[in-house]
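Residues per chain, in single letters:
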Amino acid sequence: RTTLRNWNSIAMSSDGRIQTATVYNGNIWTSYDYGVTWTSRATSRDWRSIAMSSDGKIQTAVAESSNIWTSYDYGVTWTSRATSQNWYGIAMSSDGRIQTAVAAGGNIWTSYDYGVTWTSRTTLRNWLSIAMSSDGRIQAAVFGSGNIWASYDYGVTWTSRATSRSWYSIAMSSDGRIQA
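Residues numbered from 1 in each chain as written. Predicted model: local features only at pLDDT ≥ 70, side-chain atom pairs only at ≥ 80, totals over all residues. Heavy atoms only, no water.

Chemist: I would appreciate a short explanation of the overall build of the protein chain in the present structure.
Modeler: Of the regular secondary structure elements, the protein chain holds zero helices and 14 strands. In terms of overall size, the protein chain behaves like a compact globule, its C-alpha atoms giving a radius of gyration of 15 Å where 180 residues would be expected to give roughly 16 Å. For the protein chain, the spread of C-alpha atoms along the three principal axes comes to 45 × 30 × 30 Å. Buried positions account for 50% of the 180 residues belonging to the protein chain. Taking contacts inside the protein chain between residues at least 6 apart in sequence as the whole, the part at least 24 apart equals 34%. A total accessible area of about 8200 Å² is found for the protein chain, and carbon and sulfur atoms account for 50% of it. Across the protein chain, the 15 positively charged side chains and the 11 negatively charged ones have centroids separated by 5 Å. (Helix = DSSP H or I, 4+ residues; strand = E, 2+ residues; numbered from the N terminus. Rg over C-alpha atoms; globule rule 2.2 N^0.38 Å. Buried < 20%, exposed > 50% of the residue type's maximum accessible area, 1.4 Å probe, protein only. Contact = heavy atoms within 4.5 Å. Areas by Shrake-Rupley, 256 points an atom, 1.4 Å probe, with all protein chains shown as cover. Lys, Arg positive; Asp, Glu negative; His and termini not counted. Charge placed at Lys NZ, Arg CZ, Asp CG, Glu CD.)

Chemist: Can you help me understand the packing of aromatic side chains in this one?
Modeler: Centre distance and the angle of the planes are the two values used to describe a pair of aromatic rings. A full pass over the atoms with the stated rule returns six aromatic pairs. With a centroid separation of 6.4 Å and 50° between ring planes, the pair formed by Trp7 and Trp38 is classed as tilted. With Trp7 in strand S1 (residues 7–12) and Trp38 in the loop between strand S2 (19–31) and strand S3 (39–52), the pair connects residues that are 31 residues apart, well separated along the chain. Judged by relative accessible area, Trp7 falls into the partly exposed class, the value being 32%. Taking the centre distance of 6.4 Å and the plane angle of 75° together, the rings of Trp47 and Trp69 count as edge-to-face. Taken together, the residues span a long stretch of sequence, with Trp47 in strand S3 and Trp69 in strand S5 (residues 66–71) at a distance of 22 residues. Judged by its relative accessible area of 14%, Trp69 falls in the buried class. By way of ring pairs, the aromatic residues Trp7, Trp29 and Trp38 are connected into one cluster. (Phe/Tyr/Trp six-rings, centres within 6.5 Å; stacked < 30°, edge-to-face > 60°.)

Chemist: Which parts of the structure should I look at to understand the pattern of salt bridges?
Modeler: Close approach of charged atoms allows side chains with opposite charge to pair. For the structure on display, the rule yields two salt bridges. Among the salt bridges present, the one from Glu64 reaches Arg48, with a minimum N-O distance of 2.3 Å. Highlighted residues: Glu64 in the loop between strand S4 (59–63) and S5 and Arg48 in strand S3, separated in sequence by 16 residues. Glu64 sits in the buried class, given a relative accessible area of 17%. (Salt bridge = Lys/Arg side-chain N within 4 Å of Asp/Glu carboxyl O.)

Just geometry here; none of it tells us what the structure is for.
Given below as C-alpha cells:
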C-alpha cells in the first residue's frame, strides 16, 4: 500500500480500521481506512515498537536512544514521556490505561495513567519484547539469552519462568492464559 521503508512494528484497533506503523530510522505512519491510505506522523527516530488501545485513540511508541512517546488523538500528535533509553518493546491494556515498556540493557517500566508517568520495576537486562493480557494484569517479557519473565500483578513484581534460550519476541492471548 505504501512505498518501501524499514517497517518494524504495527498496531491496529480491534476492528482493524485504525492502523499505526513505525519505521526504523523513519517516521510513524497512520491509516484510518483499514490500511488503504497512510499519512506520515511524528519525527524520524529509530522506532522499535508501538501499541494501541482497542479503539485506537491511545497509542504509545518506543524508539532506541529516545523517550517513550504517547498520542491521545489516534496517532495525529505525539508527546515525549519517560527517560531516554534503548526502548525495544511496548504493550498496553485494551483501554490504554496500563502500559509496560522494556529497554535493551535497561529495566522494565510500568505506567498506570495512560503513559503519562513511568516507574522502573526490574534489574538491568537486555529486554527485547513484552506482552500483556487485555486487562493488563498478566504480563510476560523476554530478553536475549535468558528466561521468560512473568508478572501476575500488573507488572509490579516479576518471576523467572521457562528455561534459558535466545528469546526475541513474545505474544499473549487477551485473557493471558496462552503465551507463545
